[in-house]
Amino acid sequence: IMVKRPAKGDELVFLPLGGVGEIGMNCALYGFGPEDDRKWLMVDCGITFASEFDEPGVDLIFPDLRFIEEERRNLVGIVITHAHEDHFGALLELWPRLKAPLWMTPFAAGLLEAKAASDGGAEKIPVERYTAGSRFRLGDFEIEAVAVAHSIPEACSLAIRTPLGTVIHTGDWKVDPTPVTGWATDFDRFRALGDAGVRALVNDSTNVLRDGSSPSESEVGASLAEIIAAAPHRVCVTTFASNIGRIRAVAEAAARADRNLVVMGRAMRRAIDVAKECGLLDGLPEFLDQDAYGYLPRDKVVALLTGSQGESRAALARIAAGDHRHVAMSEGDTMIFSSRTIPGNEKSVNAIQNALAAKGVKIVTDRDALVHVSGHPRRGEMRMLYEAVRPEVAVPVHGEPLHLAVHADFARSLGVKEIGHALNGHMLRLAPGPVAEVDEVFVGRLFRDGTLLTTPDKSGASARRKASFAGVIAVSLVVDAKGNALADPAVALVGIPEEDERDRAFRDIVETAAANTLDGLPRPKRKDLALVADAVKRAVRGAVNERWGKKPIVEVMVTVV
């Protein structure tokens, strides 16, 4: 595939819409052409998970793609690097707004199809399939997929050739010379690309704070096999449903210990079904359904389940609470957490582990044995990639601000001459000339809140958070046309203490503040209903704050009869 010559005014730019300055919600744009007529390539379209503390009640968070929605006629395609939710989870919701050609590996495409089928009303998305070694053109972008190891099958880095140079977008990757499933990272290809010249390496920063290199999935598999073989009774293993290599390692360990493998959880079953269709789980004994668990002898079962992050509706939480229909654990059983707790989930994971420990279940985590390994590169692995690729520019992504800063310093220490300081919404010119920020565009988030997909300011989540700290007070006033009260104020208190420290009821405090404020207003002002509502609101909030030290949400309704 021939790459054309650049025209006068052409620029190559990088514009992240998510995933930079944060871990999750990855979505990046590459633009080529003059400033007033760029063509765009999107890489990944992922989600992040809401925090119960910061976004109470919100189910999922998506990138707000309004910039590229307005430019969608210039969007030549979307390429998904791999099938983790933070890289492809927003497609079902957001692809219909873009309708651009979509490229995915077979396993990722299979998971997307399975998700759409379980969703019911999801729009059918046409997918072009690619694999490691594939080369295809989208507009002025020639894309080559390079195999990389990761904690999911078929992860690829993208070598993106343009008339102004080649960019390597690593996606998520690691070095694993002996993966359980899938391919190893293709350093021969990276070296060849480096020999030909690479303008920029847009690289994963997740584990840059850690020295050395991470162990192989094969080593995790060997460790799991030892633990399962030595366990006296039932063994349950919780891991991410997408980690097919880990699932295969558990299945092989169960078979070697002469145990049956039981699968529970729809997400786990869905991932296994797709992996089987892709030939990733060939040669293994049958995976049994969860209703077989209760019929198998205690020393002949290994259960594989979701819920490693403490999700309240997952199988693991129900087992810990003792209310799973098919599965129970008792004293002497073993629960292996073959996963890393994502920051923010510690409290819910600890609660599950404590509930299991109270039953006498033995808990095994990565603090106790090699039962999990990250899918992201530590500094030793990153050094190998930089030495293979030898980029002119390093662009740290996929990390929080500390990760990005440490990655930038690390790249400089390896001799990289230029650092592109990327941030969501900030457009970097990669070529021609020195790397520089040239524009800033709107970036934001969309909340999946029940059946709604809405912006944060319209979601009500911030008010929910405030209400969880200081409660809500509703006051209803009924007045005549002159603003005279026709009844005592009616109040409703939610999340407010019953009494202050002098044993005075807060309901009385609110009613008195509302009535006195209305009576104290000059008669001409009582006809202004907005003024009345605002005055009562401020008085009620002040009275409660004086006796409680907190300012609740106060809503006042004034009705004229």
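Since the structure is predicted, the reported quantities are computational estimates derived from the model, not experimental observations. (Residues numbered from 1 in each chain as written. Predicted model: local features only at pLDDT ≥ 70, side-chain atom pairs only at ≥ 80, totals over all residues. Heavy atoms only, no water.)

Novice: It is not clear to me how the sheet that holds strand E1 (residues 11–18) should be interpreted in this structure. Could you clarify?
Specialist: Paired through their backbone hydrogen bonds, the strands of a sheet run either parallel or antiparallel. Here 8 strands make up an open sheet; going across it, the order is E8-E7-E6-E3-E2-E1-E22-E23 and the pairing mixed. Edge positions in the sheet fall to strand E8 (128–129) and strand E23 (436–440), since each has one partner strand and no second. By the bridge criterion, 2 bridges tie strand E6 (residues 75–79) to strand E7 (residues 102–104) in an arrangement that is parallel. Residue pairing in the sheet places isoleucine 78 in a bridge with leucine 102 of E7. On the sheet, helix H4 (residues 106–119) packs against E7 and E8 and is oriented at approximately 115° with respect to E7. (Pairing = 2+ DSSP bridges. Helix = DSSP H or I, 4+ residues; strand = E, 2+ residues; numbered from the N terminus. Contact = heavy atoms within 4.5 Å. Axes fitted to C-alpha atoms, helices over the stretch in contact; angles between N-to-C directions.)

Novice: Whenever I open this one, the environment of glycine 294 confuses me. Can you help?
Specialist: With respect to the helices and strands, glycine 294 occurs in the loop between strand E16 (287–289) and strand E17 (301–305). For glycine 294, a relative accessible area of 60% gives the class exposed. Sequence-wise, glycine 294 and lysine 124 are 170 residues apart; in three dimensions their C-alpha atoms are separated by 39 Å. (Buried < 20%, exposed > 50% of the residue type's maximum accessible area, 1.4 Å probe, protein only.)

Novice: Would you mind showing me how to read helix H12 (residues 401–413) here?
Specialist: If you check H12, its first and last C-alpha atoms are 19 Å apart, about what 13 residues at 1.5 Å a residue would give, namely 18 Å. Taken together, the buried positions of H12 are His403, Leu404, His407, Ala408, Phe410 and Ala411. For H12, the arc enclosing every buried residue in end-on projection is 165°, short of the 170-degree limit, so these residues lie on one face. Summarising the geometry of H12, the exposed residues directed more than 90 degrees from the buried face are Pro401, Leu402 and Ser413. Contacts from the buried residues of H12 go to strand E13 (200–204), helix H11 (379–389), strand E20 (393–397) and strand E21 (418–419). (Expected span 1.5 Å × (residues − 1). Arc of directions from axis to C-beta.)

Novice: It is not clear to me how a negative patch on the surface should be interpreted in this structure. Could you clarify?
Specialist: A contiguous patch of negative charge, built from Glu35, Asp36, Asp37, Glu437, Asp439 and Glu440, is present on the exposed surface. By the element assignment, glutamate 440 lies in strand E23. Take glutamate 440: its relative accessible area is 53%, and that puts it in the exposed class. (Patch = residues over 30% accessible without salt bridge, like charges linked within 9 Å, V, L, I, M, F, W, Y side chains within 5 Å. Areas by Shrake-Rupley, 256 points an atom, 1.4 Å probe, with all protein chains shown as cover. Salt bridge = Lys/Arg side-chain N within 4 Å of Asp/Glu carboxyl O. Lys, Arg positive; Asp, Glu negative; His and termini not counted. Charge placed at Lys NZ, Arg CZ, Asp CG, Glu CD.)

Novice: How do you make sense of the layout of surface pockets when you look at a structure like this?
Specialist: Any empty space left between atoms is shown by rolling a water-sized probe over those atoms. Put simply, the second largest pocket is a space of about 190 Å³. If you go around the second largest pocket, the residues you meet are Ser308, Phe337, Ser339, Arg340, Thr341, Glu346, Val349, Asn350, Gln353, Thr365, Asp366 and Arg367. The dominant element in the lining of the second largest pocket, judged by the number of residues it contributes, is helix H10 (residues 346–358), at 4 residues. Grouping the amino acids of the lining of the second largest pocket by side-chain chemistry returns 2 nonpolar, 6 polar and 4 charged. (1 Å grid on protein atoms, 1.4 Å probe; cavity = no way out; pocket = protein on both sides within 12 Å on 5 of 7 lines; lining within 4 Å. Points joined across faces, edges and corners; volume = space filled by probe spheres on them. Nonpolar A, V, L, I, M, F, W, Y, C, P; charged D, E, K, R; others polar.)

Novice: Would you take a moment to explain unusual backbone geometry for this structure?
Specialist: Going from alanine 431 to proline 432, the amide bond is cis rather than trans, its omega being 0°. Inspection of the secondary structure assignment puts proline 432 in the loop between strand E22 (426–431) and E23. One non-glycine residue, arginine 390, lies in positive phi territory at about 55°. You can see arginine 390 is positioned in the loop between H11 and E20. Relative accessible area serves as the criterion here: at 42%, arginine 390 is assigned to the partly exposed category. With a phi close to 65°, aspartate 503 is a non-glycine residue in the positive phi region. With respect to the helices, strands and loops of the structure, aspartate 503 is situated in the loop between strand E27 (490–494) and helix H15 (506–520).

Novice: Quick question: what am I supposed to make of the packing of aromatic side chains here?
Specialist: The description of an aromatic ring pair uses the distance of the two centres, along with the angle that the planes make with each other. This model, assessed by the stated rule, comprises 6 aromatic pairs. Ring geometry for tryptophan 103 versus phenylalanine 136: centroids 3.9 Å apart, planes at 0°, classification stacked. One end of the pair, tryptophan 103, is in strand E7; the other, phenylalanine 136, is in strand E9 (residues 135–138), and 33 residues separate them in sequence. Both residues of the pair, tryptophan 103 and phenylalanine 136, count as buried. Aromatic pair tyrosine 130 and phenylalanine 136: ring centres 5.7 Å apart, planes at 45°, arrangement tilted. For the pair tyrosine 130 and phenylalanine 136, a shared accessibility class is recorded, and that class is buried. One aromatic cluster is present, formed by Trp103, Tyr130 and Phe136 through successive ring pairs. (Phe/Tyr/Trp six-rings, centres within 6.5 Å; stacked < 30°, edge-to-face > 60°.)

Novice: Even after reading the chapter, I still don't get the packing of H11 against H12, so can you show me in this structure?
Specialist: Packed helix pairs are specified by the crossing angle of their axes together with the interaxial distance, meaning the distance between the axes. Their axes nearest at 11 Å, the elements H11 and H12 cross at an angle of 50°. Judged by the angle between their axes, H11 and H12 are oblique. Two packed elements cross with a definite hand, and for H11 against H12 that hand is right-handed. In contact with Arg379, Met382, Arg383 and Tyr386 of H11, H12 contributes Val406, His407, Phe410 and Ala411. (Parallel < 35°, antiparallel > 145°, perpendicular 65-115°, else oblique. Left-handed = near helix turned anticlockwise from the far one by under 90°.)

Novice: Where do I start with the pairing of strand E5 (residues 60–64) in this structure?
Specialist: Remember that side chains alternate between the two faces of the sheet whenever the strand is regular. Counting buried positions over the 5 residues of E5 gives 4, a clear majority of the element. Bridge analysis of strand E4 (residues 48–49) against E5 gives 2 bridges, and the strand direction is antiparallel. Residue pairing in the sheet places phenylalanine 49 in a bridge with leucine 60 of E5. Two elements, E5 and strand E24 (residues 444–449), share 5 bridges in a ladder whose sense is antiparallel. Within E24, the residue paired with leucine 60 across the bridge is arginine 448.

Novice: How should I be thinking about the side chain of serine 134 in this particular structure?
Specialist: Relative to the helices and strands, serine 134 resides in the loop between E8 and E9. Excluding residues that lie within four positions of it along the chain, serine 134 makes contacts with Ile143, Glu144 and Ala145.

Novice: Explanation requested: the nonpolar core in the structure shown.
Specialist: Across soluble globular proteins, you tend to see nonpolar side chains buried next to one another. Ranked by internal contacts, the top residues of the largest apolar core, which has 70 residues, are Met42 and Ile68. When near neighbours in sequence (up to four residues on either side) are disregarded, isoleucine 68 contacts Leu17, Leu29, Trp40, Met42, Leu75 and Leu98. Of all hydrophobic cores here, the second largest spans 33 residues; its members include Phe14, Val20, Ala28 and Val435. (Core = buried A, V, L, I, M, F, W, Y, C linked by side-chain atoms within 4.5 Å.)

Novice: Just to check I follow, could you spell out the pattern of salt bridges for this structure?
Specialist: Two side chains carrying opposite charge are able to pair once their charged atoms lie near each other. Considering all chains together, one arrives at 28 salt bridges under this definition. When the shortest N-O distance is used, the salt bridge between glutamate 142 and arginine 161 registers 3.4 Å. In this pair, glutamate 142 is assigned in strand E10 (residues 141–147) and arginine 161 in strand E11 (residues 156–162), connecting sequence segments 19 residues apart. One exposure class covers both glutamate 142 and arginine 161, and it is buried. Arginine 161 is paired through a salt bridge with glutamate 144; the nearest N and O atoms lie 3.1 Å apart. Taken together, the residues arginine 161 in strand E11 and glutamate 144 in strand E10 connect sequence positions 17 residues apart. Judged by relative accessible area, which is 14%, arginine 161 ranks as buried.

Novice: What is the right way to read the sheet that holds strand E28 (residues 553–560) from this model?
Specialist: If you walk across this open sheet you meet the 3 strands as E27-E26-E28, and the pairing is mixed. The open sheet has two edge strands with one neighbour each: E27 and E28. Ignoring strand direction, the axes of neighbouring strands in this sheet form an average angle of 10°. Here 8 bridges tie strand E26 (residues 472–479) to E28, and the two strands are oriented parallel to one another. For valine 475, the partnering residue across the bridge sits in E28 and is valine 556.

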